[in-house]
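Below, each chain spelled out in residue letters.
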Amino acid sequence: RVSAAIAADKRFAGTSVAVTTTRRFVTLTGCVRSPAQRRALVDFVKAVPDVDRVFDETHVGIAPPNPAH
């Protein structure tokens, strides 16, 4: 339900966000375009019915690649 709600909202077009749910807890990972879009996304997901808590692990912009080990 959360993924479908994000996909249907044009404010979040162009983001690369993955949604993981455990019970009523939602974890957001991936990239958004701006700090304002990040805040809007978290507030939007908090308002989805049956969501009790949102863990925001998104990054603004493109995350740097992992260094080779």
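Parameters and conventions
- Residues numbered from 1 in each chain as written.
- Predicted model: local features only at pLDDT ≥ 70, side-chain atom pairs only at ≥ 80, totals over all residues.
- Heavy atoms only, no water.
- Pairing = 2+ DSSP bridges.
- Helix = DSSP H or I, 4+ residues; strand = E, 2+ residues; numbered from the N terminus.
- Axes fitted to C-alpha atoms, helices over the stretch in contact; angles between N-to-C directions.
- Contact = heavy atoms within 4.5 Å.
- Expected span 1.5 Å × (residues − 1).
- Buried < 20%, exposed > 50% of the residue type's maximum accessible area, 1.4 Å probe, protein only.
- Arc of directions from axis to C-beta.
- Phe/Tyr/Trp six-rings, centres within 6.5 Å; stacked < 30°, edge-to-face > 60°.

Draft legend 1. Fine view of the sheet that holds strand β2 (residues 25–32). The strand order β1-β2-β3 describes an open sheet built from three strands, whose pairing is mixed. With one partner strand each, in any of the chains shown, β1 (16–22) and β3 (53–60) form the two edges of the open sheet. Strand-to-strand twist in this sheet, taken as the mean axis angle between neighbours without regard to direction, amounts to 10 degrees. Relative to β2, β1 runs antiparallel, the two being bridged by seven bridges. Considered in β2, the bridge of T22 is made with F25. Sitting on the sheet, helix α2 (residues 35–46) is in contact with β1, β2 and β3, with an inclination near 160 degrees to β3.

Draft legend 2. Region of interest: α2. Along its twelve residues, α2 runs 17 Å from first to last C-alpha, staying within 8% of the 16 Å computed at 1.5 Å per residue. Looking at α2, one finds that the buried residues are Q37, L41, V42 and V45. Along α2, the residues classed as buried sweep out an arc of 135 degrees about the axis, all on the same side. Counted as exposed and oriented over 90 degrees from the buried face of α2: R39 and K46.

Draft legend 3. Local environment of the packing of aromatic side chains. Scanning all chains against the criterion turns up two aromatic pairs. Considering the side-chain rings of F25 and F55, the 6.0 Å spacing of their centres and the 75 degrees angle between planes classify their relative orientation as edge-to-face. Pair noted here: F25 is in strand β2 and F55 is in strand β3, with a separation of 30 residues, a long-range link. For F25, a relative accessible area of 40% puts it in the partly exposed group.

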